Amino acid sequence: MALSSYLLAGSGAASPSFPPLRRRSHHFPPSLVTTALPPAQRWRRSLRFCAASSPPPPVPPEDEELTDYELSETTGNCDPLCSVDEVSLQYFEANYKPKNDLIKALAILATSLAGAAAINHSWVAANQDIAMVLVFALGYAGIIFEESLAFNKSGVGLLMAVCLWVIRSIGAPSTDVAVQELSQSTVEVSEIVFFLLGAMTIVEIVDSHQGFKLVTDNISTRNPKTLLWVIGFVTFFMSSVLDNLTSTIVMVSLLRKLVPPSEYRKLLGAVVVIAANAGGAWTPIGDVTTTMLWIHGQITTVNTMQGLFVPSVVSLVVPLALMSLTSEANGSDQASSSLLSSEQMAPRGQLVFAVGLGALVFVPVFKSLTGLPPFMGMLLGLGILWILTDAIHYGESGRQRLKVPQALSRIDTQGILFFLGILLSVGSLESAGILRQLANYLDANIPNADLIASIIGVASAIIDNVPLVAATMGMYDLTSFPQDSDFWQLVAFCAGTGGSMLIIGSAAGVAFMGMEKVDFFWYFRKVSGFALAGYVAGIIAYLAAQNIPLSLPTSLAEIPFITGS
């Protein structure tokens, strides 16, 4: 994940006055839940029962740390899908500190100058490549320093995409050529956007029903070393079916109920980050970059799972073995929290969990059976789950939040729009031939394809892996490296696991940073070395495995899911 994600998470961690993400809880009267709680928890609980027009409850004592925030649930005139900004506005106004206006002014001025240059048809027509590179660099800088400039990266990404395509329309041989290129790029990008939209909604529905308790409730050990390995492998396999971000949120939430605040809990959270990134690298639906490569045909389902499973396991086992030797993992047994048993699964939560999980797993099978793009299988699963939740909660007005319309209001829509802007921007660079020129430069100076893929993984620890992989797909087509070649599989592995080396290198790391208030330098001192060792060991394992011929059993090869792509 880009440096911008680190700045955003770091800012959120340092400003506990802002009400962050909602924590699901049961609807009990305030009088029943506030009497036995300490002041800070009573203050957070009271947020849920204040109306949009009511004054905020008093701020808790400063000496009590706020470790479990809740987002206000509005009442009164607020409809179920409305924003909660009305309730938190008073807190925002009381705690907001203006950014450096000079930096903002310079950024806006630079953007205006870039826009003016784009309007200059004659200059752009003669210097299209320079204009597009300048706009892309300016937009990417805006994404990296989004917190310093107070600009949301999704908006910057969309603006960058439109500006780049405007320049392309000016520099193209004709407007019709640019329109045709844009149409082709939009078709490819929309497949990924629809896929992510469906997957995130399905996961949100399962989570709202507390379906993941079926997994987390089976973790009972309190031995530090054993818990380290159990958490790692549970996250590893969960991430292979869901995605690394969702798996991290679920598992870190579990850790907050299993282990009291300590260095050991931070270490377990770091294990979750490494395991989530490693688990998402070996399946087409486990990580957004792997999904991109799968949808565009660079990799296929079974060859990817067969080729990347062992390296992914190695990239997890090596850090786990090294972490087991640390002092934090050799302490006394950890006491569990009573909060774990306080949350109850929603009615028919097991059914929703089974159907949701089945819908995600069925996507590769659907693609193999029908030949249709994967997003169609994801939309099929979403449609089935939509009808199911409408049926099982029919007439239950108090459980509207368990239905799809409410889930759609809670998914990370701005994240999807960020992907849209980035992918459209990269598509414009590809259409202009800029990425091909970059690929030729790399081939001339770095002739080893494995080394290029490894460098991409290291870069993904600093730069967002989505544009890195998107740029790689534009730089090298299937004629340069055929489907399921070592290069594409190594790109999928490196881009997925390389982000673990820094806490800002992946969505999982940024989520862990925000939830546990982990400092960048703590992760760098305590975890980055272990993650680097796992990354290098995984690459070595993959390269070594290519010299060992592997074949699937004949019975498995007859299954459509196995033989298809």
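The structure displayed is predicted, hence computed values, not measured ones.

Another point: the overall build of the protein chain. Helix and strand counts for the protein chain stand at 29 helices and zero strands. For the protein chain, with 565 residues in total, the buried portion stands at 49%. Accessible area of the protein chain: about 24800 Å², with a carbon and sulfur share of 65%.

Given 3.6 residues per helical turn, the α-helix brings residues three or four places apart onto the same face. With 12 residues, helix H21 (residues 434-445) extends 17 Å from end C-alpha to end C-alpha; this agrees with the ideal 16 Å at 1.5 Å per step. Every buried residue of H21 is listed here: Ile 434, Leu 435, Ala 439 and Leu 442. The buried residues of H21 occupy one face: seen down the axis, they fall within an arc of 140°. Along H21, the residues that are exposed and aim more than 90 degrees away from the buried face are Tyr 441 and Ala 444.

On to the packing of aromatic side chains. Considering all chains together, one arrives at 13 aromatic pairs under this definition. Seen in terms of ring centroids, Tyr 476 and Phe 487 are 5.2 Å apart; in terms of plane orientation they differ by 70°. Their pairing is edge-to-face. Here Phe 487 lies in helix H24 (residues 486-497) and Tyr 476 lies in the loop between helix H23 (465-475) and H24, a separation of 11 residues in the sequence. Exposure class is identical for Tyr 476 and Phe 487. Each is buried. Residues Phe 481 and Phe 487 carry aromatic rings whose centres are separated by 4.2 Å and whose planes lie at 20° to one another, so their mutual orientation is stacked.

Our focus in this paragraph is the nonpolar core. The biggest cluster of nonpolar side chains holds 129 residues, and the ones touching the most others in it are Met 292, Tyr 476, Phe 487 and Tyr 523. Setting aside anything within four residues of it in sequence, one finds Met 292 in contact with Ile 192, Gln 298, Leu 423, Val 466, Val 469, Ala 470 and Met 473.

The next thing to look at is the pattern of salt bridges. Per the stated rule, a full pass over the model turns up three salt bridges. Among the salt bridges present, the one from Arg 410 reaches Glu 204, with a minimum N-O distance of 2.7 Å. A residue pair is termed long-range when its members are at least 10 positions apart, and Arg 410 in helix H19 (residues 404-410) and Glu 204 in helix H10 (residues 175-208) qualify at 206 residues.

Relative to the helices and strands, Ile 539 resides in helix H27 (residues 528-545). Sequence-wise, Ile 539 and Leu 490 are 49 residues apart; in three dimensions their C-alpha atoms are separated by 7.7 Å. In contact with Ile 539, not counting residues within four places along its chain, are Ser 454, Phe 493 and Cys 494.

Moving on: H27. Under the 1.5 Å per step criterion, the end-to-end length of H27 is 25 Å for 18 residues, consistent within 8% with the ideal 26 Å. For H27, the set of buried residues is Ser 528, Phe 530, Ala 531, Gly 534, Tyr 535, Ala 537, Gly 538, Ile 539, Ala 541 and Tyr 542.

Another point: a nonpolar patch on the surface. A contiguous nonpolar patch, built from Phe 194, Leu 197, Leu 372, Met 376, Leu 379, Trp 386, Ile 387 and Leu 408 and spanning about 640 Å² of accessible area, is present on the exposed surface. Listed by contribution, the elements that provide at least two residues to the nonpolar patch are H10 and helix H18 (374-392). The element contributing the most residues to the nonpolar patch is H18, with four residues. Structurally, the position occupied by Leu 372 is in the loop between helix H17 (349-370) and H18. Assessed through its relative accessible area of 37%, Leu 372 is described here as partly exposed.

Averaged over every residue, the pLDDT of the protein chain is 74; the share at 70 or more is 72%. In the model of the protein chain, helix H2 (residues 30-33) stands out as the element of lowest mean pLDDT, 39, in contrast to H27, which has the highest, 93. Counting interchain partners and residues more than four positions distant, the pLDDT-below-50 stretch residues 1-89 has 141 contacts. Contacts of residues 336-341 to residues separated by more than four positions or lying in other chains number 13 contacts, the stretch itself having pLDDT below 50.

Moving on to the packing of H10 against helix H20 (residues 413-431). Two numbers describe a pair of packed helices, the interaxial angle and the distance between the axes. At a minimum axis separation of 9 Å, H10 and H20 run at an interaxial angle of 155°. The angle between the axes of H10 and H20 places the two elements in the roughly antiparallel class. Handedness of the H10/H20 crossing: right-handed. Side by side, H10 and H20 meet where Glu 181, Ser 185, Thr 186, Val 189, Ile 192, Val 193, Leu 196, Leu 197 and Met 200 of the first sit next to Ile 416, Phe 419, Leu 420, Leu 423, Leu 424, Gly 427 and Ser 431 of the second. Along the lines of polarity and charge, the residues of the contact of H10 with H20 split into 11 nonpolar, four polar and one charged.

On to the side chain of Arg 265. Of note, Arg 265 is situated in helix H14 (residues 263-281). Contacts of Arg 265, omitting those with residues within four sequence positions, involve Leu 255, Arg 256, Val 259, Pro 260 and Glu 516.

Right, let's talk about the side chain of Thr 304 for a bit. Looking at the secondary structure, you find Thr 304 in helix H16 (residues 301-323). In this structure the side chain of Thr 304 is engaged in a polar contact, spanning 2.6 Å, whose partner is the backbone oxygen of Thr 300. Residue contacts for Thr 304: discarding those within four places in its chain leaves Trp 282, Ile 299, Phe 309, Asp 484 and Gln 489.

On to unusual backbone geometry, then. A positive phi angle is found at Asp 484, which is not glycine, with a value near 65°. Look at Asp 484 and you get buried, because its relative accessible area is 16%.

Axis separation between H16 and H27 bottoms out at 8 Å; the angle between their running directions is 150°. In terms of their interaxial angle, H16 and H27 are classed as roughly antiparallel. Seen from above, H16 lies across H27 with right-handed handedness. Judged by residue contacts, Gly 307, Leu 308, Pro 311, Val 314, Ser 315, Val 318, Pro 319, Leu 322 and Met 323 of H16 engage Phe 530, Ala 533, Gly 534, Ala 537, Gly 538, Ala 541 and Tyr 542 from H27. Taken together, the residues of the contact of H16 with H27 sort by class into 12 nonpolar, four polar and no charged.

For the rest of this paragraph, the subject is the environment of Phe 353. Within the secondary structure layout, Phe 353 lies in helix H17. Counting along the chain gives 142 residues from Phe 353 to Gly 211, while the straight-line C-alpha distance between them is 5.0 Å. The residues touching Phe 353, leaving out its near neighbours within four places in the chain, are Val 206, Gly 211, Phe 212, Leu 214 and Val 215.

Rules used throughout
- Residues numbered from 1 in each chain as written.
- Predicted model: local features only at pLDDT ≥ 70, side-chain atom pairs only at ≥ 80, totals over all residues.
- Heavy atoms only, no water.
- Helix = DSSP H or I, 4+ residues; strand = E, 2+ residues; numbered from the N terminus.
- Buried < 20%, exposed > 50% of the residue type's maximum accessible area, 1.4 Å probe, protein only.
- Areas by Shrake-Rupley, 256 points an atom, 1.4 Å probe, with all protein chains shown as cover.
- Expected span 1.5 Å × (residues − 1).
- Arc of directions from axis to C-beta.
- Phe/Tyr/Trp six-rings, centres within 6.5 Å; stacked < 30°, edge-to-face > 60°.
- Core = buried A, V, L, I, M, F, W, Y, C linked by side-chain atoms within 4.5 Å.
- Contact = heavy atoms within 4.5 Å.
- Salt bridge = Lys/Arg side-chain N within 4 Å of Asp/Glu carboxyl O.
- Patch = residues over 30% accessible without salt bridge, like charges linked within 9 Å, V, L, I, M, F, W, Y side chains within 5 Å.
- pLDDT = per-residue confidence, 0-100.
- Axes fitted to C-alpha atoms, helices over the stretch in contact; angles between N-to-C directions.
- Parallel < 35°, antiparallel > 145°, perpendicular 65-115°, else oblique.
- Left-handed = near helix turned anticlockwise from the far one by under 90°.
- Nonpolar A, V, L, I, M, F, W, Y, C, P; charged D, E, K, R; others polar.
- Polar contact = N/O pair within 3.5 Å; in protein donor to acceptor, adjacent residues only side chain to side chain.

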